[in-house]
Each structure stands twice: as C-alpha cells, then as structure tokens.
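Letter by letter, the chains look like this.
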Amino acid sequence: MKNNILAGACIAIGLTLAGLFIYLGINKFANKDRAVSVKGLSTREVEADYAVWPLSYAWSGNDLPALYTQLENVTARVKQHLLSLGFEESDIRQGSVSVSNNWDGYYGTRPEFKYTVSTSLIVSTDKVQLVVASQGKESSLLKEGIIVTTEKWNLDYQYNGLPELKPSMIEEATQNARAVAQKFADDAQCSLGSIRRASQGQFSIESDNYQPWVKHVRVVTTVDYFLE
C-alpha cells in the first residue's frame, strides 16, 4: 500500500515538473523573437599628437652640377629656418631629389631653363602646436628668393592615442544603447532582458574642416536586447 502511494506521488511530481518544463519551453519559444535592436554613440574631440609637414622647393637652370650645388645651399637655408622656429635636428629629414628635363619633347620654342631640380625637407614631430604656429612664416625665405610650398593635403596631422581611448568609448556607447533600449521597453510596458547580440562598429577619426589638427573620434555600437 505504501509503495503504491509513494509511486503515485512520484508520478504526480514528475507530471508537474514535466508540465512546468513544457510551459517554460513554450514561453521561451513564444518570446524568443521579442527583442529590440538599438544603437549607442560615443564621440570624443582630441588633438593630434604627431605631425608630418613636408616643405617642397625647386631650382631651375642649365648647368646640372651647379644646380645641385645651389639646391644644397637652399636646403641648408630652409633647414636653418626650421631650426630657428624651434624644431630640432631629429625632427627634420630630407626627401628624395628629382630632376626634370624641361626641353624633353619640345620641338619649337623651348623653356629658358633646361633642368629643374626639386626636393623637400620633411618635418616629422610630436611638436604639433609648433607646426601649427609655423604655418605662413616663410617670409624670411621669400626675401631671399626661396619659395617653399606645402600642399594642404600633404600636411598630415595624426592621432595615435586610439588604443587608450577605445575602452571608455565602447563602454559609453554601450551604456547609451542600453538607455535607448530601456526607454523603448518602458514605452512598450515590458521588461528589458539580457543582451541577445552585440556588435561594435568601426572607429572613425575625422579632421576638423577649419582646424585639421583637431580630430573627431566616433564609434557606434549595435546591441539587441530581449524583451520580457
């Protein structure tokens, strides 16, 4: 008799547990697609920590060896100018030298000078604000007939601190995404569940249009949350 009662109790408990598991399974299946996908944004404004500034110049003439000598003198003068601005020897390196034959391909009236020899001095430095302040200070060279040029797109301000910046920006973007999801859940009168899926967007670094040494860093994360 006791064995029958015990067996019946076990069967009843088993049926109850089975029913509970079935209910939970059906409930989970019914709610598996109830989710919201949100995006979180994080931005920072930082200053460049490295600059590459090429100063190009050229000299023309008909005597090639004399041109090389003249170009060496000009190079020494441009370098002296950069040192006087506050740059150091280690910040300055010379670019390659190129020679153009201006008479090549001409069959009519040829240019006055046969050769043009060109080169550049390249400033690579972490003294970013000194580079910024040095722009447009070539008047002393112009008075000596030395023309140096810097193409706008060749003046490169770089930011190398992204690895240190990433963790805090990802955290902020994720928090912002959760805040958006929580607002959605509140409006929908449901609870915000766990993360279903998350993806980190690409970091982008863009230069300010008017102050290219100022960088705008941006990242967007996409997070899917379950709704309960």
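Bear in mind the structure is a predicted one, so any value in this text is a computation, not a measurement.

K.L.:
Help me understand the nonpolar core, please; the structure alone is not making it clear to me.
P.N.:
General note: in soluble globular proteins, nonpolar side chains tend to be found buried as a group. Within the largest apolar cluster, 26 residues are counted, with the highest numbers of intra-cluster contacts made by Trp-53, Val-78, Leu-82 and Tyr-157. Every element with two or more residues in this core is listed here: strand E2 (50-61), helix H2 (64-85), strand E5 (115-125) and helix H3 (128-134). Residue contributions to this core peak at five residues, all from H2. If we skip the residues at most four places from it in the chain, Leu-82 touches Trp-53, Leu-55, Phe-87, Ile-92, Leu-121 and Val-123.

K.L.:
Please clarify how the environment of Arg-93 should be interpreted in this entry.
P.N.:
Relative to the helices and strands, Arg-93 is located in strand E3 (residues 92-94). Look at Arg-93 and you get partly exposed, because its relative accessible area is 46%. Expressed as a C-alpha distance, the spacing of Arg-93 and Pro-54, which sit 39 residues apart in the sequence, is 9.5 Å. Ignoring any residue separated from it by four or fewer positions in sequence, one finds Arg-93 in contact with Ser-120, Leu-121, Ile-122 and Ser-124.

K.L.:
In this structure, what is going on with the side chain of Thr-221? I would like to understand it.
P.N.:
Assignment of secondary structure puts Thr-221 in strand E9 (residues 214-227). Residue classification places Thr-221 among the buried positions, given a relative accessible area of 3%. If near-sequence neighbours (up to four positions away) are discounted, Thr-221 is found in contact with Val-38, Lys-39, Gly-40, Ala-173, Thr-174, Ala-177, Ser-199, Gln-200 and Gly-201.

About the cut-offs
Residue positions within a chain follow its written sequence, with the count starting from 1. Given that this is a predicted model, residues contribute local features only at a pLDDT of at least 70 and side-chain atom pairs are listed and counted only at 80 or more, while totals for whole chains, interfaces and linings are drawn from all residues. Hydrogens are left out, water is left out, and the side-chain values use all remaining heavy atoms of the structure. To define a nonpolar core, start from buried Ala, Val, Leu, Ile, Met, Phe, Trp, Tyr and Cys residues and group those joined through side-chain atoms within 4.5 Å. Exposure classes here rest on a 1.4 Å probe applied to the protein chains alone. A residue is buried below 20% of its type maximum, exposed above 50%, and partly exposed in between. Here a strand is any run of E in DSSP of at least two residues, a helix any run of H or I of at least four, and the numbering for each starts at the N terminus. Should any heavy atoms of two residues lie within 4.5 Å, those residues are counted as being in contact.

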